[in-house]
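Structural features, examined
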Amino acid sequence: MYRGWTDRRGFIKKMAALSAMTAASAIFPGILFPEAQEWLGTGSEGLDWKKSPCRFCGVGCGLLIGIKGGKAVAVKGDVRSSVNKGLCCVKGYHSIMAMYGKDRLTKALVKRDGAYVETPMADALDLVASQIERTVEAYGKDAVSIYGSGQWTIPDGYVASKLFKGCIGTNNVEANARLCMSTAVTGFLTSFGLDEPMGCYEDIDHADVFVLWGNNMAEMHPVLFSRLLDQRLKRKGVKIIDFATRTTRTSMAADRSILFQPQTDLAVANAICHEIIENNWVNRVFVESHCSFRKGLTQMGYGLEDHYEFKDQSEKIDFKAYKKFLADYTPEKVEKRSGVSAKDIKYMASLYGDPNKKVMSFWCMGMNQHTRGTWIQNLVYNIHLLTGKIASPGNSPFSLTGQPSACGTVREVGTLTHRLPHGLVTNERDRAFAAKIWQVPAKNISPRPTYHTVEMFRALDRGDIRFMWIQVTNPMVTLPKLKRYRNGAQKADRFIVVSDVYPTPTTDVADVILPSAMWIERAGMYGNSERRTQYFEQMVEPPGEAMSDTWQLIEVARRLGFERQFSYEEETHIEEIYAEYRKHHDNDKHNMAPLSVLQSQPGAMWPYVRGKSTKWRYNLKYDPACTNGKDFHFYGKPDGRAVIWQRPYEPAPEVPDEAYPYWLCTGRVLEHWHTGSMTRRIPILHRAMPHAYVELNPADAKRLQIQTGDGVKIRSRRGEITLPAAVNQRGVPAPKQVFVPFFDENSLINELTLDAFDPISKQPDYKKCAVRVEKL
């Protein structure tokens, strides 16, 4: 593992040098892989460069892929891309190597008598279709399901939803983005009535202050973080504030690092709002013209039991009642609970409250994977709404995503149980609208949402679901309380189909394994965190009988008798599907750019209106959908007003005690992406980070007589795991906290985590459960 930087100045110099690559990227030649020499025989001359968004994370960096001899052999950043301006991270520069692992799946495999047998792809697809038919006949349509991914392309997710919701007639459609960003969705919906950020990455070029709420941006979104550092180098007074539970590389590069106790970000956000009001920093004209005040239910529970249900109910309040509520959140009171000094709370409030400073708030999993995640999103929006620092250049609360199309495919296509591409399954008009485009009777689309992700796998365990098709994701590594759900998937009367590019712990539980085409082995579109849709063409052929997930679904749909609904031509199906999909968003609030535009440039942001991307929504100056005649129009809400929510602090469902005295936090690392099924097959990344580890606070390590490299047993109420210790390495947890990355399939940390979730978004909390630590 890389040793951490203990010299802060040295770290900043390294990060500044990295950001300087932005300026140099126009002449940076990219990376030609040593492995490519045997394919090329020469250097990089004569490469055919083609554009594509990066396969990893939700930033959506523009890449240029060098093709020669039918193989992808080189990568460089696309200087035309406004996202990354020619810069890539270590995963982006090595991305194409993920396609060429030695154990790539190239043939369909069917389990017979406990062993996998190579099977012609057509026969495997026949088996999948017949098993769906048998399951529906025996148990009903809600006994079949599909579980997809924020790595699905837009066409993948669209045909999956059309097949299962429109044709088969079940809302058992979920995606792994439920585990990483569904809380971002409910945060946007409750505060603004519509999903996704109102701003864009260009806000970075205008902001004076960046507050990172539990987001290790230096490692998780390094290209965007380099843009923050670049702005600090260029413009005097730019500040970066790291607000987190753990000291990371982001902390080392920040102007101020502020640590808080897990779950108490709720209290601190309320304390910031208290200070804004007490110091008369409220933008009263903005609030009175464009905001309303509401409160919802409290003491909601945590979803720990099967069949848990919750529906929030809100009531209108006024500014006076909201101010009275905040009286319990003075900085001095919150200091005692959060561990954040009153001085630091007042400092953060002063940055937001200064009318001469433009402020961006960034967050990702720290706020999303949170049992009160919707609430903390609301509270950060409250800060921006109270000060009027929203929906204008440089003033932006910005939720980052971790997958290339969690926004484009899951949130916009609507591959969650309650969603349709343009609306909700519970809305009769939305169902009728989708049914017309899908060429199915409106009654085919059920008005009842079924199971969110955690409950879907509980239903599989119980036997309510008997068939599950898993595409482009690895839930047998990522699900919390993993043992239960792995055991459930392995029960004798369950039928699991897995479409993937490599063997994984999830393919290990499959009855049928379908080899998938990967990324540029097929054409498609991704949608990134700033509402940017990006197209990539097929550049190379997939190996063996590997087939795109889109075409797998189409082939199965036709075998099920839905030829009319899936009559796309193989050569032009991506163009046909995207044209059909655009019909769902044909309005000024969400119009998608034509394919010709996506083909000619590095993407376009929706709403794409009158030939132009909308950079700042809800702002009359930039957004054609604003129609109320005012400077701002939050048109997602019936009254055109954004909501300032009264949301209290509530504790996590499981907190450290005498038996389990440490907090466990899980997350990612710079070198690997999610479960590592692709990046661990890139030799240079695997060598840099070959296995998982457990970070300990130095004082805890000293007390336990643990040094870096020592074996450590981590135990929770659900399981145990043994890992090497990391003390004073790249990250340093606070006292009585430990951190473990989840990329290593040989060290399944999610066997220890808790399957509690936010009752509103149904997203699990991977950041907080109680464990004990023992030296081996």
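The structure under discussion appears in the preceding block.
Just so you know, these numbers come straight off a predicted model, no measurement behind them.

Okay, the overall build of the protein chain next. Scanning the protein chain for helices and strands turns up 26 helices and 32 strands. For 776 residues, the compact-globule estimate of 2.2 N^0.38 gives 28 Å, and the protein chain sits close to it at 25 Å. Along the first, second and third principal axes, the C-alpha atoms of the protein chain reach 70 × 60 × 55 Å. When the 776 residues of the protein chain are sorted by exposure, 67% land in the buried category. Look at the contacts in the protein chain between residues 6 or more apart in sequence, and 74% of them connect residues 24 or more apart. Of note, the protein chain has its 101 positive side-chain charges centred 5 Å away from the centre of its 86 negative side-chain charges.

Glancing now at helix H10 (residues 265-278). End to end, H10 covers 20 Å across 14 residues, agreeing with the expected 20 Å (1.5 Å per residue, within 8%). Judged by how many residues are buried, H10 sits mostly within the fold: 13 of 14 residues are covered. One or two positions beyond H10, positive phi appears at Asn-280, with a value near 55°.

The full count for this structure, using the stated rule, is 49 salt bridges. Close ionic contact of Glu-537 with Lys-50 constitutes a salt bridge, the shortest N to O distance being 3.5 Å. Highlighted residues: Glu-537 in the loop between strand S21 (532-536) and helix H22 (549-559) and Lys-50 in strand S2 (residues 48-53), separated in sequence by 487 residues. We classify Lys-50 as buried; its relative accessible area is 19%. When the shortest N-O distance is used, the salt bridge between Asp-306 and Arg-458 registers 3.7 Å.

It is worth spelling out the packing of helix H19 (residues 453-462) against helix H21 (residues 482-489) at this point. Viewed as axis vectors pointing N to C, H19 and H21 meet at an angle of 50°, and their least axial separation amounts to 8 Å. Between H19 and H21, the angle is such that the two are oblique. At the point where H19 passes H21, the crossing takes the left-handed sense. Contacts between H19 and H21 involve Val-454, Phe-457, Arg-458, Leu-460, Asp-461 and Arg-462 from the first element and Arg-484, Tyr-485, Gly-488 and Ala-489 from the second. Counted by class, the contact of H19 with H21 contains 5 nonpolar, 1 polar and 4 charged residues.

The element strand S18 (residues 495-500) is largely enclosed, with a buried count of 6 among its 6 residues. Neither face of S18 is open: one carries Phe-495, Val-497 and Ser-499, the other Ile-496, Val-498 and Asp-500, and all of them are buried. In this sheet, S18 lies alongside strand S17 (residues 467-471) in parallel orientation, the contact comprising 5 bridges. From the neighbouring strand, Met-468 faces S18, where its bridge partner is Ile-496. Of the strand pairs in this sheet, S18 and strand S19 (residues 512-515) are connected by 4 bridges, and their pairing is parallel. The residue of S19 that forms the bridge with Asp-500 is Pro-515.

Within the secondary structure, His-94 is located in the loop between helix H3 (90-93) and strand S5 (108-112). Within the structure, His-94 has its side chain in polar contact with the backbone oxygen of Val-90 (distance 2.8 Å).

Summarising the element assignment, Met-592 is placed in the loop between helix H23 (573-582) and helix H24 (595-600). On a C-alpha basis, the gap between Met-592 and Val-609 in space is 8.3 Å, while along the polypeptide they are 17 residues apart. Those residues in contact with Met-592, other than ones at most four positions away along the chain, are Glu-412, Thr-533, Tyr-578, Tyr-581, Arg-582, His-585, Trp-606 and Tyr-608.

For the peptide bond that leads from Trp-606 to Pro-607, omega is -5°, which places it in the cis range. As for its position among the elements, Pro-607 is in the loop between strand S22 (604-605) and strand S23 (608-609). Backbone geometry places Lys-85, a non-glycine residue, at a positive phi of 50°. Look at Lys-85 and you get partly exposed, because its relative accessible area is 32%. Of note in this structure, Glu-196 is not a glycine but carries a positive phi near 80°.

What follows covers the packing of aromatic side chains. Following the criterion strictly, the structure yields 28 aromatic pairs and no others. Their ring planes at 35° and their centres at 5.4 Å tell us that Phe-188 and Tyr-381 sit as a pair that is tilted. With Phe-188 in helix H6 (residues 182-192) and Tyr-381 in helix H16 (residues 373-387), the pair connects residues that are 193 residues apart, well separated along the chain. When its relative accessible area of 0% is taken as the criterion, Tyr-381 is described as buried. Here Phe-210 and Phe-362 contribute two aromatic rings whose centre-to-centre distance is 6.4 Å and whose plane-to-plane angle is 20°, an arrangement assigned as stacked.

Take the sheet that holds S17 next. One open sheet accounts for 7 strands, arranged S6-S5-S19-S18-S17-S7-S8; its pairing is mixed. In the strand order of this sheet, the two ends are held by strand S6 (115-119) and strand S8 (173-175), each with one partner. The average angle at which neighbouring strand axes cross in this sheet is 20°, direction not considered. As judged from the 2 bridges shared by S5 and S19, these two strands associate in the antiparallel manner. Considered in S19, the bridge of Leu-109 is made with Ile-513. Its contacts with the sheet put H19 on strand S7 (144-148), S8, S17 and S18, and the angle it makes with S7 is roughly 135°.

Turning our eyes to something else, we now look at the sheet that holds strand S16 (residues 396-399). An order of S12-S10-S9-S15-S16 is seen for the 5 strands of this open sheet, with the pairing classed as parallel. Of all the strands in the sheet, just strand S12 (256-259) and S16 have a single pairing partner and so form its edges. Averaged over all pairs of adjacent strands, the angle between strand axes in this sheet comes to 15°, irrespective of strand direction. For strand S10 (residues 239-244) and S12, the ladder comprises 4 bridges, and the chain directions are parallel. Bridged to Phe-243 within S12 is Ile-258.

What counts, and where the lines are drawn
- Residues numbered from 1 in each chain as written.
- Predicted model: local features only at pLDDT ≥ 70, side-chain atom pairs only at ≥ 80, totals over all residues.
- Heavy atoms only, no water.
- Helix = DSSP H or I, 4+ residues; strand = E, 2+ residues; numbered from the N terminus.
- Rg over C-alpha atoms; globule rule 2.2 N^0.38 Å.
- Buried < 20%, exposed > 50% of the residue type's maximum accessible area, 1.4 Å probe, protein only.
- Contact = heavy atoms within 4.5 Å.
- Lys, Arg positive; Asp, Glu negative; His and termini not counted.
- Charge placed at Lys NZ, Arg CZ, Asp CG, Glu CD.
- Expected span 1.5 Å × (residues − 1).
- Salt bridge = Lys/Arg side-chain N within 4 Å of Asp/Glu carboxyl O.
- Axes fitted to C-alpha atoms, helices over the stretch in contact; angles between N-to-C directions.
- Parallel < 35°, antiparallel > 145°, perpendicular 65-115°, else oblique.
- Left-handed = near helix turned anticlockwise from the far one by under 90°.
- Nonpolar A, V, L, I, M, F, W, Y, C, P; charged D, E, K, R; others polar.
- Pairing = 2+ DSSP bridges.
- Polar contact = N/O pair within 3.5 Å; in protein donor to acceptor, adjacent residues only side chain to side chain.
- Phe/Tyr/Trp six-rings, centres within 6.5 Å; stacked < 30°, edge-to-face > 60°.

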